[in-house]
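Residue-level structural notes
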Amino acid sequence: MHTLDWTVMTEQDIERTAIRARMVGGLTAANVGEELTLAGWVHRRRDLGGLLFVDLRDRSGLLQVSFGPDWTSEEGLLLARELGPEDVVAVSGMVALRPDPNPQMPTGAVELRAGSVERLSVARTPAIPVYRGPEDELPSEDLRLRHRVLDLRRPELQRALGLRHRVVLAARNYLDGLGFMEIETPILTRPTPEGARDYLVPSRVHKGEFYALPQSPQIYKQILMVSGYDRYFQIARCFRDEDLRADRQPEFTQIDVEASFVGVDDVLRWIEGLVVAICDVVGMHVELPLPSLSWADAMERYGTDRPDLRFGLPIEDWSSVVLETEFRVLRGPVEVGGRARGIRLPGGARLSRKDIEAIEEEAKAAGAPGLAWVKLGDEGASGPLGKHLSEAHLAEMGMKAGDLALVAAGPDRVTSPALSATRMAAAAALGTPRERDHAWLWVTGFPVFEETDGGGLVPGHHPFVMPHPEDIDLLESDPARTRGLAYDLVYNGTELGSGSIRIHRPDLQRTVLRMLGLSDVDIDRKFGFLLEALSAGAPPHGGIALGVDRIAQRFVGAGSIRDVIAFPKTTAARALFEGAPSPLGDEELTELGLRLVTRAPTP
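Summary of the structure given here. (Residues numbered from 1 in each chain as written. Predicted model: local features only at pLDDT ≥ 70, side-chain atom pairs only at ≥ 80, totals over all residues. Heavy atoms only, no water.)

With that out of the way, let us pick up the sheet that holds strand β6 (residues 181-182). The eight strands are arranged β6-β9-β10-β22-β21-β20-β17-β11 in an open sheet whose pairing can be described as mixed. Edge positions in the sheet fall to β6 and β11 (292-294), since each has one partner strand and no second. In this sheet, strand β20 (residues 486-491) lies alongside strand β17 (residues 440-444) in antiparallel orientation, the contact comprising five bridges. Of the residues in β20, the one forming a bridge with Thr444 is Tyr487. (Pairing = 2+ DSSP bridges. Helix = DSSP H or I, 4+ residues; strand = E, 2+ residues; numbered from the N terminus.)

Right, let's get into empty space enclosed by the protein. One pass over the structure, following the stated rule, counts three cavities of 30 Å³ or more. Space inside the second largest cavity adds up to approximately 50 Å³. Lining the second largest cavity, in full, are Leu145, Arg148, Phe567, Pro568, Thr570, Arg574, Ala575, Leu576, Phe577 and Glu578. (1 Å grid on protein atoms, 1.4 Å probe; cavity = no way out; pocket = protein on both sides within 12 Å on 5 of 7 lines; lining within 4 Å. Points joined across faces, edges and corners; volume = space filled by probe spheres on them.)

Tracing the sequence through the fold places Thr415 in helix α13 (residues 412-430). Taking the relative accessible area as the measure of exposure, Thr415 reaches 1% and is therefore buried. Contact partners of Thr415, with chain neighbours within four places excluded, come to Arg339, Arg341, Ala408, Ala409 and Gly410. (Buried < 20%, exposed > 50% of the residue type's maximum accessible area, 1.4 Å probe, protein only. Contact = heavy atoms within 4.5 Å.)

The next thing to look at is the nonpolar core. Ranked by size, the top nonpolar core spans 64 residues in total, and within it Ile255, Trp440 and Phe555 carry the most contacts. Residue contributions to this core peak at nine residues, all from helix α7 (residues 264-279). (Core = buried A, V, L, I, M, F, W, Y, C linked by side-chain atoms within 4.5 Å.)

Looking at where Gly454 falls in the secondary structure, it is placed in the loop between β18 (449-451) and β19 (457-459). Taking the C-alpha atoms as reference, Gly454 lies 31 Å from Ile359; in sequence the two are 95 residues apart.

Across the interface, helix α6 (residues 218-226) lies against helix α16 (residues 520-534) with an axial gap of 9 Å and an inter-helix angle of 20°. It follows that α6 is roughly parallel to α16 by the angle criterion. Like other packed secondary-structure pairs, α6 and α16 cross with a definite hand, here left-handed. Packed against α6, whose contacting residues are Ile219, Gln222, Ile223 and Val226, the element α16 presents Phe527, Phe529, Leu530, Ala533 and Leu534 at the interface. Each residue belonging to the contact of α6 with α16 can be placed in one class, and the counts come to eight nonpolar, one polar and no charged. (Axes fitted to C-alpha atoms, helices over the stretch in contact; angles between N-to-C directions. Parallel < 35°, antiparallel > 145°, perpendicular 65-115°, else oblique. Left-handed = near helix turned anticlockwise from the far one by under 90°. Nonpolar A, V, L, I, M, F, W, Y, C, P; charged D, E, K, R; others polar.)

With that out of the way, let us pick up the pattern of salt bridges. If you walk through the whole model with that rule in mind, you get 46 salt bridges. A salt bridge links Arg57 to Glu86; the nearest nitrogen and oxygen atoms lie 2.7 Å apart. Of the two residues, Arg57 is situated in strand β2 (residues 52-58) and Glu86 in the loop between α2 (74-80) and β4 (88-97); the sequence distance between them amounts to 29 residues. Note on Glu86: relative accessible area 4%, which makes it buried. Ionic pairing is found between Arg525 and Asp522, a salt bridge with its closest N-O pair at 3.5 Å. (Salt bridge = Lys/Arg side-chain N within 4 Å of Asp/Glu carboxyl O.)

Moving on: the packing of aromatic side chains. All chains considered together, the criterion is met by six aromatic pairs. For the ring pair Trp440 and Tyr491, a centre distance of 4.5 Å and an interplane angle of 40° mean the geometry is tilted. Of this pair, Trp440 sits in strand β17 while Tyr491 sits in strand β20, and the two are 51 residues apart along the sequence. The pair formed by Trp440 and Tyr491 is uniform in burial state, with each residue classed as buried. For the ring pair Phe464 and Phe527, a centre distance of 5.9 Å and an interplane angle of 75° mean the geometry is edge-to-face. Of this pair, Phe464 sits in the loop between β19 and α14 (474-477) while Phe527 sits in helix α16, and the two are 63 residues apart along the sequence. Members of the aromatic cluster, connected to one another through ring pairs, are Trp440, Tyr491 and Phe555. Just above the ring of Trp71 sits the side chain of Arg113; from NZ or CZ to the centre is 5.0 Å. (Phe/Tyr/Trp six-rings, centres within 6.5 Å; stacked < 30°, edge-to-face > 60°. Lys NZ or Arg CZ within 6 Å of the ring centre and 35° of its normal.)

This is the structure in structure tokens:
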């Protein structure tokens, strides 16, 4: 048995264990002649009669192992012919050059000529294959999640989780270098509304009382600022009981950052350095400073607060043109206070009516009643809007021969999301060339409040955003126009992070909570411990949280964050491998002091 020298360790010492000399990845022609014991899983076996080949797999990669009568023991040959997929083996032999090098494999120049083999574990026939040929399709996602232990062996997932690890490690090292301290905050806390629903945990000790799993460490990290820990970070686990999509999970991970005595520019500068650090993991070059847009400009030009700026196609306001026409479909909404806005697509006239209808369906799905359109060809304007526009109107819209314009009319809250969807669908239909591959963006100046359809107010980000100093006087007189010191980090149309400068004055925090419809009794019951902390002398502070799952997803190009999480939930919030959530028996419910009014059927 090899004994490690704990004082001086080489790279190979780090990989060496009692069973294997090293991992299979990284073996090259420089290793030819070395006697090694390697261990891993049988990825694929090929029996050519006199010779037998096994692709041996571990987390570092694949290596061909050859078995032959000239170098393998008789017992080894017999056992090698019995090996099945995913059996775990240890193989001892010599590294040699492959007679048939495989340039597609990083270790394809060499092989291990096995002298002996030991089967460490027998695997039953895999429910889903780990080895896939070039033409083989993946099993369905539900099947892969049900057999996640096998699915996680796929090289694609191992690479994704490896990249995720390196991103988090880079973040830790960078923030540590800036003097940030990693501090853990509670997982079991009190229910505190932050815009989503809590997961509740019943207490066995205090029957009838509940903990909540944190939606974020928001309040605790603010309390840490008041306590004098002026630079905090945490790789935080967060939980939200909400509807799921490709970019949502009930539990997720974020790089959570907070600092005292800072303004917006301080946070943005630090996080831009963090962006550089995590982009180094994938070799992505980032130019600083990152561009920024105000929330108002982003909504005006792109219809969304997370625009994809890899290409252009901004939204334009054509209300004045529409008011000069007799096209009532567009003119009517403008006359009652709405606007007519649209997107001009250079070269878009080549799109068919079917293509335009498909784009219109995207706009309708986003809330628009429909789109009007006009094409400008060599023979003039055509389309539903075309006959209502003069040459002067077309010139004012910037139309050139070969262009297509798509227009929606109504209040901005309807047309903005519809035109954002139109922009993305039109770019895809046209094959619009990207002006850049990586479009980073800060969106700043979010409104403190958003108005509901019923006329009430909800937080734009969360209830702790400091209002912009210039808008403090609007807080009670015109809350919908109050800007906050809030900012989002956007990458290629995906929000990767959200943050703000926080309210550090208890009187101002109470005012904001009152504007959200909470009584003083409710405020003290739900947020009393935060207000008590702020009353102890709170420094100005702010921070941000970056989504680890989304960063990893975008960096590996995965279609879903489920492809960068070891054990994700389905879109129905179920863990198929371990069978969660699951019902409790009556005895367990009684112990918790709970009684079910209705019991859901067991899935």
